[in-house]
Amino acid sequence: MPLQVSAESGGRTPLAFIFLDSNVSSTGENGNASDRGTNASRFRVSGGQALGTEILIDGASTRRTQNGTFFSEVAPGPNAFQEFTISTSSFSAEFGNSSGGVVNFTLKSGTNDFHGEVYNLLRNEKLNANSFYNKLEGRPRDRDNQNNYGFNLGGPIPFLAFGEGGPFAKLYRNQAFFFFNYEGYRFRQGENVVVTVPTERMRNGDFSELLTDPYILQFYGGPVRIYNPRIPIGQRNTPFAGNIVPLANRDPAGQAILQFFPLPNRPGVFRNYEASSVRPTDMNQYTIKTDFNLTDAQRLTVSWSHRKQERVANYGGGFPRFPFPYIAQDVGFQSFESDFVRVQHNYSITSTILNHFNFGFNNYAVQNGNSTYGFDTASLGIPANATLNSAFPRINFPGYGDPVTSGDPRAYQNIGSTFFNDDLTDRTYEFSDFVTIVRGRHTLKVGANVRQSKYTVRQRIDPGGTFNFRNDQTSGNLANGDFDPRSGFPIASLITGATEFAFNFNNSIDPVFKQLTHSYFIQDDIKLTQK
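Within each chain, residue numbers correspond to sequence positions counted from 1 in written order. Residues qualify for local features only when their pLDDT is at least 70, as the model is predicted, and side-chain atom pairs are given and counted only at 80 or more; totals for whole chains, interfaces and linings, by contrast, use all residues. Here the side-chain values reflect all heavy atoms present in the structure, with hydrogen atoms and water set aside.

Enquirer: Kindly report on the overall build of the chain, identifying the contributing residues and their values.
Expert: Comment: elements are numbered from the N terminus, with helices defined as DSSP H or I runs of at least four residues and strands as E runs of at least two. Secondary structure summary: the chain contains four helices and 23 strands in total. In summary, the chain has a C-alpha radius of gyration of 31 Å against a globular reference of 24 Å for 531 residues, an excess of more than 25%. With respect to the three principal axes, the spread of C-alpha positions in the chain is 100 × 50 × 50 Å. Relative accessibility under 20% of the residue-type maximum defines a buried residue, over 50% an exposed one, and the middle range a partly exposed one, all with a 1.4 Å probe and only protein chains included. Burial analysis of the chain (531 residues in total) assigns 48% to the buried set. A contact between two residues is defined here by any heavy atoms of the two lying within 4.5 Å. In the chain, the proportion of contacts linking residues at least 24 apart, taken out of those at least 6 apart, comes to 70%. To be clear on the numbers: accessible area is Shrake-Rupley with a 1.4 Å probe, and residue cover counts the displayed protein chains and nothing else. Carbon and sulfur atoms form 53% of the exposed surface of the chain, whose accessible area is close to 25,100 Å². Note on charges: Lys and Arg go in the positive column, Asp and Glu in the negative column, and His and the chain ends are not counted at all. Charged side chains are reduced to one point each, which is NZ for Lys, CZ for Arg, CG for Asp and CD for Glu. Here the chain contributes 48 positively and 47 negatively charged side chains, and the mean placements of these two sets differ by 2 Å. For this measure, only C-alpha atoms enter the radius of gyration; the expected value for a globule follows 2.2 Å times N^0.38, where N is the number of residues.

Right, here's the structure in full:
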């Protein structure tokens with residue numbers, strides 16, 4: 001069955017199988033109707049609550065404290081599973097913690113013979129046509145490279161045979177088995193656009209280009225002059241001589257920040273930087289499972305699945321556009337790391353009594369990172385207590401339109417990555433034991449389940465502060481005392497330290513959430529007739 005390949009889920013998601021059941025429907029990302037179909041990030045079972053379905057691997061829950069059943073971004077690959085079952089309603093008493101459905105995935109096991117498979121999916125921009133706008137401006141194809149590959153191997157476990165004569169290794173058929181799966185995913189999506197960055201002269205306080213640049217003269221109908229923001233509006237009658245901001249009027253922090261913008265690689269003041277950037281996604285996943293027939297009545301199963309996915313994430317900003325780590329706003333680093341450990345022991349005490357013990361351990365480590373986190377904000381000249389002092393400040397130039405499509409020369413590309421940096425750890429230990437007793441027409445099942453979870457949150461909001469700059473702060477005044485909209489410039493406001501808006505956040509605690517739940521059940525299934 002073909003499965004959708006997605007960078008969000010790091011390749012293919014095993015949850016795509018559940019849409020074979022007509023009782024399952026997707027609500028789309030954040031409930032967006034245009035993004036439904038088989039979107040497995042948010043789905044409902046039999047009209048139940050989104051994110052409320054219980055998802056199990058080999059009988060143990062995978063629930064995350066942070067966001068319930070967001071499973072695709074931490075799940076093993078589809079080729080690691082033997083089967084899945086979905087209970088949409090009236091499920092057994094042993095299941096719970098669900099507001100709509102139970103999905104149980106079973107990992108593959110080895111057999112008496114060796115079996116394996118190798119698979120690969122490839123997509124490359126060299127196989128695509130170039131876009132109209134790229135052709136128009138002579139730019140290459142946007143990067144679009146996707147590769148999802150892996151292999152399986154399973155069979156009897158070989159043990160070294162010591163002693164003289166005989167084979168080097170002995171296969172313990174019918175006694176010990178292994179299964180191994182590796183899956184990798186690589187995705188490279190690129191963008192080629194032209195944006196505006198401060199010129200080398202502007203980085204040093206020289207705005208004389210605004211007096212002669214052809215595009216500036218055309219857009220404004222004349223030159224743009226810079227005024228001293230320290231003079232109250234209504235009294236700004238004389239611009240800086242030569243449109244050069246004197247050293248005494250420059251803000252050390254503002255000038256230092258300007259040095260982190262890349263220099264233009266195209267001529268002029270407007271649309272002077274060709275930005276070619278890539279958002280990569282890398283995922284590696286390993287699953288190993290062993291089965292041991294200890295006796296004719298006892299079977300032990302141990303499995304471990306590890307997955308790590310790292311990507312440059314779009315939090316609403318698109319592509320990095322600038323070289324790392326000083327990239328565009330709302331683009332950052334994201335890492336998902338997950339571990340699933342399962343231990344199962346089945347013991348047929350008699351021909352009619354079976355005991356099933358199950359242990360599950362889940363570990364999730366999630367990082368949503370500002371790419372500059374750890375930067376010493378105070379090194380720019382901003383007082384250490386003015387921000388959280390742990391990232392490069394977010395610098396924005398609002399009100400002039402999109403930096404790619406706007407015709408306004410003040411629509412500069414912002415800088416500063418994400419407005420948050422968080423480190424989340426989520427660990428759960430689960431113990432369950434079920435006893436099944438068959439007596440005539442009765443099948444009695446009794447059991448208990450205990451779960452202990454710990455969720456640690458370390459989050460920093462606006463770790464380097466946010467600062468907005470517009471032309472108003474360095475504009476002159478009209479005869480009636482109002483701001484002159486044809487004067488002043490946002491980069492001049494930055495280098496003079498005249499903000500339009502600034503935001504800071506104070507962090508005082510790193511919360512830890514602990515939860516202990518225990519549940520018990522008894523169920524008696526009665527066959528009324530032999531049929």
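Enquirer: Talk me through the pattern of salt bridges; I want residue IDs and the actual numbers.
Expert: What makes a salt bridge here is a side-chain nitrogen of Lys or Arg within 4 Å of a carboxyl oxygen of Asp or Glu, nothing more. Counted under the stated rule, the structure contains 19 salt bridges. The partner of E183 in a salt bridge is R12, and the shortest N-O contact between them spans 3.1 Å. Taken together, the residues span a long stretch of sequence, with E183 in strand β13 (residues 176-195) and R12 in strand β2 (residues 11-12) at a distance of 171 residues. A single network of salt bridges, built from pairs that share partners, joins E54, R63, E430 and R451.

Enquirer: Run through the sheet that holds strand β14 (residues 273-293), naming residues and quoting values.
Expert: Spatially, ten strands are ordered β9-β10-β13-β14-β15-β16-β17-β19-β20-β23 in an open sheet, and the strand pairing comes out antiparallel. Each edge of the sheet is formed by a strand with only one pairing partner; in this case those strands are β9 (115-123) and β23 (512-526). Going across the sheet, the axis of each strand differs from the next one's by a mean of 5°, ignoring polarity. Sheet topology places strand β20 (residues 442-461) next to β23; 15 bridges connect them, and they run antiparallel. Counterpart to Q452 in the pairing with β23 is L516. Only strands joined by at least two bridges in the DSSP assignment are considered to pair. Helix axes use the C-alpha atoms of the stretch in contact, all axes being lines fitted to C-alpha atoms, and the angles between their N-to-C directions lie in the range 0 to 180 degrees.

Enquirer: Mind laying out a nonpolar patch on the surface, listing which residues take part and the relevant values?
Expert: Any residue with relative accessible area above 30% and no salt bridge may belong to a patch, with like charges joined within 9 Å and the nonpolar Val, Leu, Ile, Met, Phe, Trp and Tyr side chains within 5 Å. On the surface, a cluster of nonpolar side chains totalling about 390 Å² of accessible area is made up of F114, V118, F151 and L153. Relative to the helices and strands, F114 resides in the loop between β8 (102-107) and β9. When its relative accessible area of 43% is taken as the criterion, F114 is described as partly exposed.

Enquirer: Give me the packing of aromatic side chains: which residues, what numbers.
Expert: Note on aromatic contacts: the rings of Phe and Tyr and the six-membered ring of Trp form a pair at centre separations within 6.5 Å, being stacked when their planes are under 30 degrees apart, edge-to-face when over 60 apart, and tilted otherwise. The full count for this structure, using the stated rule, is 31 aromatic pairs. Pairing Y326 with F392 gives two aromatic rings, centres 5.2 Å apart and planes at 65°, and the pair type is edge-to-face. Placement of Y326 in the loop between β15 (298-314) and β16 (331-350) and of F392 in the loop between β17 (353-369) and β18 (394-396) is noted, with a sequence separation of 66 residues between them. By the ring-pair criterion, three or more aromatic residues cluster together here, those being F261, Y273, F322, F397, Y412 and F489. Put simply, a charge is over a ring when the Lys NZ or the Arg CZ is close to the ring centre, within 6 Å, and near the line of the ring normal, within 35 degrees. The ring of Y364 has R64 sitting right over it, with the charged end atom 5.6 Å from the ring centre. The positively charged end of R279 is found above the aromatic ring belonging to F319, 4.1 Å away from the centroid.

Enquirer: Quick rundown of the side chain of S417? Include the residues and the values.
Expert: Tracing the sequence through the fold places S417 in the loop between β18 and β19 (420-439). Pairs of N or O atoms are called polar contacts if they sit within 3.5 Å, as long as, within protein, a hydrogen donor faces a hydrogen acceptor (for residues adjacent in sequence, only side-chain-to-side-chain pairs). From its side chain, S417 meets the backbone oxygen of V331 in a polar contact 2.8 Å long. Here S371 takes part through its backbone nitrogen, which lies 3.0 Å from a polar atom of the side chain of S417. Each residue touching S417, except ones within four places of it in the same chain, is listed here: I327, A328, Q329, D330, V331, G332, G369, N370, S371 and R394.

Read these as geometric descriptors, not functional statements.
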